[in-house]
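Chain and residue survey
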Amino acid sequence: MAEEHYRLTRALADAGQPEEARTLLAASDAILGELPENAAKTVRELAEGTVARVREVR
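Note that this is a predicted model, so its numbers are computed, not measured.

1. Thoughts on the overall build of the protein
Helix and strand counts for the protein come out as three helices and zero strands. Ordered by position in the sequence, the α and β elements of the protein form the string α-α-α. For a compact globule of 58 residues, the expected C-alpha radius of gyration is about 10 Å, and the protein comes in at 11 Å, within 12% of that figure. With respect to the principal axes defined by its C-alpha atoms, the protein has extents near 35 × 15 × 15 Å. Of all 58 residues assigned to the protein, the portion counted as buried reaches 34%. Taking as baseline every contact in the protein between residues at least 6 positions apart, the subset at least 24 positions apart corresponds to 62%. Carbon together with sulfur atoms contributes 51% to the accessible area of the protein, which is approximately 3,800 Å² in total. Charge centroids of the protein, computed over 8 positive and 11 negative side chains, lie 5 Å from each other.

Structure, rendered in structure tokens:
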């Protein structure tokens, strides 16, 4: 579920919808924070890339 949230967040950023992307990013980060460490490791790279992309969108 966390991966899907980050992918949708990135799609919103790519579509030029920064406010929506930031809102969903916060929810995505909350989900990531609830994952066990071993599951979170697999999502972290996607999360980091998504955060970088959202920061680029104005």
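2. Some details on the packing of helix H1 (residues 2-14) against helix H3 (residues 37-56)
Any two packed helices are characterised by the angle at which their axes cross and by the distance between the axes. Running from N to C, H1 and H3 cross one another at 20 degrees; their axes reach a closest spacing of 9 Å. Judged by the angle between their axes, H1 and H3 are roughly parallel. Both H1 and H3 take part in a crossing whose hand is left-handed. For the pair formed by H1 and H3, the contact residues are Ala2, Glu3, Tyr6, Arg7, Thr9, Arg10, Ala13 and Asp14 on the first element and Thr42, Val43, Leu46, Ala47, Gly49, Thr50, Arg53 and Val54 on the second. By residue class, the composition of the contact of H1 with H3 is seven nonpolar, four polar and five charged.

3. Considering H1
Counted at 1.5 Å a residue, the expected span for H1 with its 13 residues is 18 Å, and the 18 Å between its end C-alpha atoms agrees. Along H1, the residues classified as buried are Ala2, Tyr6, Thr9, Leu12 and Ala13. Seen from one end, H1 has its buried residues packed into an arc of 120 degrees, which puts them on one side. The elements touched by buried residues of H1 are helix H2 (18-34) and H3. Residue Gly16 follows H1 closely and has a positive phi angle near 75 degrees.

Cut-offs used in this document
Residues numbered from 1 in each chain as written. Predicted model: local features only at pLDDT ≥ 70, side-chain atom pairs only at ≥ 80, totals over all residues. Heavy atoms only, no water. Helix = DSSP H or I, 4+ residues; strand = E, 2+ residues; numbered from the N terminus. Rg over C-alpha atoms; globule rule 2.2 N^0.38 Å. Buried < 20%, exposed > 50% of the residue type's maximum accessible area, 1.4 Å probe, protein only. Contact = heavy atoms within 4.5 Å. Areas by Shrake-Rupley, 256 points an atom, 1.4 Å probe, with all protein chains shown as cover. Lys, Arg positive; Asp, Glu negative; His and termini not counted. Charge placed at Lys NZ, Arg CZ, Asp CG, Glu CD. Axes fitted to C-alpha atoms, helices over the stretch in contact; angles between N-to-C directions. Parallel < 35°, antiparallel > 145°, perpendicular 65-115°, else oblique. Left-handed = near helix turned anticlockwise from the far one by under 90°. Nonpolar A, V, L, I, M, F, W, Y, C, P; charged D, E, K, R; others polar. Expected span 1.5 Å × (residues − 1). Arc of directions from axis to C-beta.

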